[in-house]
Amino acid sequence: GEDVEQSLFLSVREGDSSVINCTYTDSSSTYLYWYKQEPGAGLQLLTYIFSNMDMKQDQRLTVLLNKKDKHLSLRIADTQTGDSAIYFCAESRGGYNKLIFGAGTRLAVHP
Amino acid sequence: GAVVSQHPSRVICKSGTSVKIECRSLDFQATTMFWYRQFPKQSLMLMATSNEGSKATYEQGVEKDKFLINHASLTLSTLTVTSAHPEDSSFYICSARLWTGQGFSDTQYFGPGTRLTVL
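Residues numbered from 1 in each chain as written. Chains lettered and ligands numbered in written order. Predicted model: local features only at pLDDT ≥ 70, side-chain atom pairs only at ≥ 80, totals over all residues. Heavy atoms only, no water.

### Some words on the side chain of B:R97
- Summarising the element assignment, B:R97 is placed in strand β9 (residues 90–99).
- The exposure class of B:R97 is buried, given its relative accessible area of 8%.
- Excluding residues that lie within four positions of it along the chain, B:R97 makes contacts with A:G95, A:Y96, A:N97, B:F28, B:Q29, B:A30, B:T32, B:F34, B:D106, B:T107 and B:Q108. (Helix = DSSP H or I, 4+ residues; strand = E, 2+ residues; numbered from the N terminus. Buried < 20%, exposed > 50% of the residue type's maximum accessible area, 1.4 Å probe, protein only. Contact = heavy atoms within 4.5 Å.)

### Overview of the state of the cysteines
- Under the definition given, this model contains two disulfides over all chains.
- At a sulfur-sulfur separation of 1.9 Å, the disulfide partner of A:C22 is A:C89. Here the S-S torsion is close to 65°, and the disulfide linking A:C22 with A:C89 is therefore right-handed. In this pair, A:C22 sits in strand β3 (residues 18–23) while A:C89 sits in strand β9 (residues 85–93), placing the two residues 67 residues apart along the sequence.
- The disulfide partner of B:C23 is B:C94, and the S-S distance across this bridge is 2.0 Å. Disulfide B:C23 to B:C94: torsion about the S-S bond roughly 80°, handedness right-handed. Here the residue B:C23 occupies a position in strand β3 (residues 19–25), and B:C94 occupies one in strand β9, the gap between them amounting to 71 residues.
- On the basis of relative accessible area, B:C23 is assigned to the buried category, the value being 0%.
- Its relative accessible area of 0% is what places B:C94 among the buried residues.
- Here B:C13 is not cross-linked by a disulfide; its sulfur's nearest cysteine counterpart is in B:C94, at 18 Å. (Disulfide = S-S within 2.5 Å.)

Structure below.
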């Protein structure tokens, strides 16, 4: 997963927006994904973006994609304590669309 | 919709024994499933790609004789850790690919994971 890079930690105040950044390497990736993992659990698909899109919004989540810079971001509006988790970005590769994950960003939300 | 289950959720075994982990897609058919391994506070490492009716494709460095994968149906893939040793202790997570071949949708849904501890 070292080809996909993320900052490891982000701390925000409840009610503020969170922005988690990710850089990837494979310019031919068709899809890019954001997953959420809570302690001891599997991964929950949050959202994904097709490579020919620049932005995708889904309720409190906004994904921005800059293909030129291979940069992906996830913005969480009105961050809540329940958003505290590890967030993984992933790029797809190959015919079976296997996923290559970043190291994950631990989001801590404090009052 | 798009629920993936894993069984067991947690297993403790003695060194030298084999352990089988099941991954099921409950409400969709998955031609392709994936097996990952996750060490504490680390990312997911793809171990292998499992395709229904054919041999699994293993990532570089993953021993195919050690980690046996069988994908006998469109809703079930199994991972067997053979002759387990303490260094095999990890969190194993499977995913199932949901892809209709149409539109802009190709996603993986993950199981809840299996914690394997080898004594």
